[in-house]
Each structure stands twice: as structure tokens, then as C-alpha cells.
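Each chain, letter by letter, is given below.
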Amino acid sequence: FVCVATTVMADGHTRQSSLLRRSGNAASDRNALRLVRTLKFRPPAGTTWEELGVGERAAHVLVRMHQNGQMAFKLFEPTEPLPPICYAPFESVAKDREINAATATEPSP
């Protein structure tokens, strides 16, 4: 997961995007940041941001990087609490292996 802080403009484009929480994989971090910088958020069908009273605002985008290279994301508006993952430090691959090995259960005979 990568958590990105950004500003969503009144037209839906993003600007001033920066990494809030890195994944530990530099390529994934760059791709997540590139994704957020190219996003354009649209209002619900049949409305405009102006009608909804939504203008420029700070927001966060949580990006999940899948092993097949695809990405999924969720926008968190300023009024929504961020998930704890945005504040948790990433673990290294070696640390992940250590944790997995320590918590693995042996099959019963």
C-alpha cells in the first residue's frame, strides 16, 4: 500500500501530490505517485462540483499495488478518517519473511 497526500482542485485534477506512506518498493511508490498525479475525479452523474459545494481541498489517496502490476485506489475526503495503514511504517521483504516464518503453523501429523 502507498498513501498519497494531494490537493484535489475544483475541476477534479490533483496537484501537490506527495508520499505520506511508502510501500518499501521504490518502483511501486513512483507508480502510485504518478497515478495520483494523473487522476481526475468526477462528480456523481448529473451534478457538478460547484452544485455539490465542493471546491479545492486536501485529500488522501490510498493506492494498493497488486503483484500483477494493476493498481486500485480509494480517495479519502478531509472529513473521513484515514485507515491505520497510512500511519504504519512499511516492513521490509526480509522482515515480512521473518514474520511469516514465525507465525507459520506446522501441519499436524
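Below, the structure is looked at part by part. Remember, it's a predicted structure, so these values are computed and weren't measured experimentally. All residue numbers refer to positions counted from 1 along the written sequence of the respective chain. Under the rules for a predicted model, residues below a pLDDT of 70 receive no local features and side-chain atom pairs below 80 are neither given nor counted, while totals for whole chains, interfaces and linings still include all residues. Water and hydrogen atoms play no part in the side-chain values, which are based on all heavy atoms of the structure.

Considerations on the overall build of the protein
Here is step 1 of the chain: To qualify as a helix, a DSSP run of H or I must reach at least 4 residues; to qualify as a strand, a run of E must reach at least 2; elements of each kind are numbered from the N terminus. Each helix and strand counted, the protein has three helices and four strands in total.
Here is step 2 of the chain: Ordered by position from the N terminus, the helices and strands of the protein form the series β-β-α-α-β-β-α.
Here is step 3 of the chain: Under the scheme applied here, a residue whose accessible area is under 20% of the maximum for its type counts as buried, over 50% as exposed, and between as partly exposed, the area being computed with a 1.4 Å probe on protein chains only. By residue count, 28% of the 109 residues in the protein fall in the buried class.
Here is step 4 of the chain: Contact between two residues is taken to exist if any of their heavy atoms lie within 4.5 Å; hydrogens are not considered. Put simply, 51% of the contacts in the protein that link residues at least 6 apart link residues at least 24 apart.

Some details on the state of the cysteines
Here is step 1 of the chain: Note on terminology: disulfide denotes any pair of cysteine sulfur atoms within 2.5 Å. Across all of its chains, the model carries one disulfide by this definition.
Here is step 2 of the chain: Here C3 connects covalently by a disulfide to C86, the sulfurs 2.3 Å from one another. Every disulfide takes its handedness from the sign of the S-S torsion; for C3 and C86 that torsion is 85 degrees, giving right-handed. Residue C3 is found in strand 1 (residues 2-8), and its partner C86 is found in the loop between strand 4 (71-76) and helix 3 (93-103); the two are separated by 83 residues along the sequence. As far as the burial class goes, C3 and C86 line up, both buried.

Considerations on the layout of surface pockets
Here is step 1 of the chain: Roughly 270 Å³ of internal volume is contained in the largest pocket.
Here is step 2 of the chain: Using protein atoms alone on a 1 Å grid, points that fit a 1.4 Å probe yet trap it form a cavity, whereas open point sets bounded by protein on both sides within 12 Å along at least five of seven lines form a pocket; residues with an atom within 4 Å of a point count as lining. Lining the largest pocket, in full, are F1, S23, N25, S28, N31, M65, H66, Q67, G69 and M71.
Here is step 3 of the chain: By residue class, the composition of the lining of the largest pocket is three nonpolar, seven polar and no charged. Grid points are joined across faces, edges and corners, and a volume is the space filled by probe spheres set on the points. Under the grouping applied here, Gly and all other residues not named as nonpolar or charged are polar, the nonpolar ones being Ala, Val, Leu, Ile, Met, Phe, Trp, Tyr, Cys and Pro and the charged ones Asp, Glu, Lys and Arg.

Observations regarding the packing of aromatic side chains
Two measures describe an aromatic ring pair: the distance that separates the ring centres and the angle between the ring planes.
Here is step 1 of the chain: Two rings from Phe, Tyr or Trp (for Trp, the six-membered ring) form a pair when their centres are within 6.5 Å of each other. A pair whose planes differ by under 30 degrees is stacked, one over 60 is edge-to-face, and the rest are tilted. Evaluated as defined, the whole model comprises one aromatic pair.
Here is step 2 of the chain: For the pair F41 and F73, a centre-to-centre distance of 6.2 Å together with 75 degrees between the ring planes defines the contact as edge-to-face. Here F41, found in the loop between helix 1 (26-38) and helix 2 (49-52), pairs with F73, found in strand 4; they are 32 residues apart in sequence, far enough to count as distant.
Here is step 3 of the chain: For F41, a relative accessible area of 11% puts it in the buried group.
Here is step 4 of the chain: The rule for a charge over a ring is simple: NZ of Lys or CZ of Arg within 6 Å of the ring centre, and within 35 degrees of the ring normal. In this structure, K74 packs its charged tip against the face of F76, placed 4.7 Å from the ring centre.

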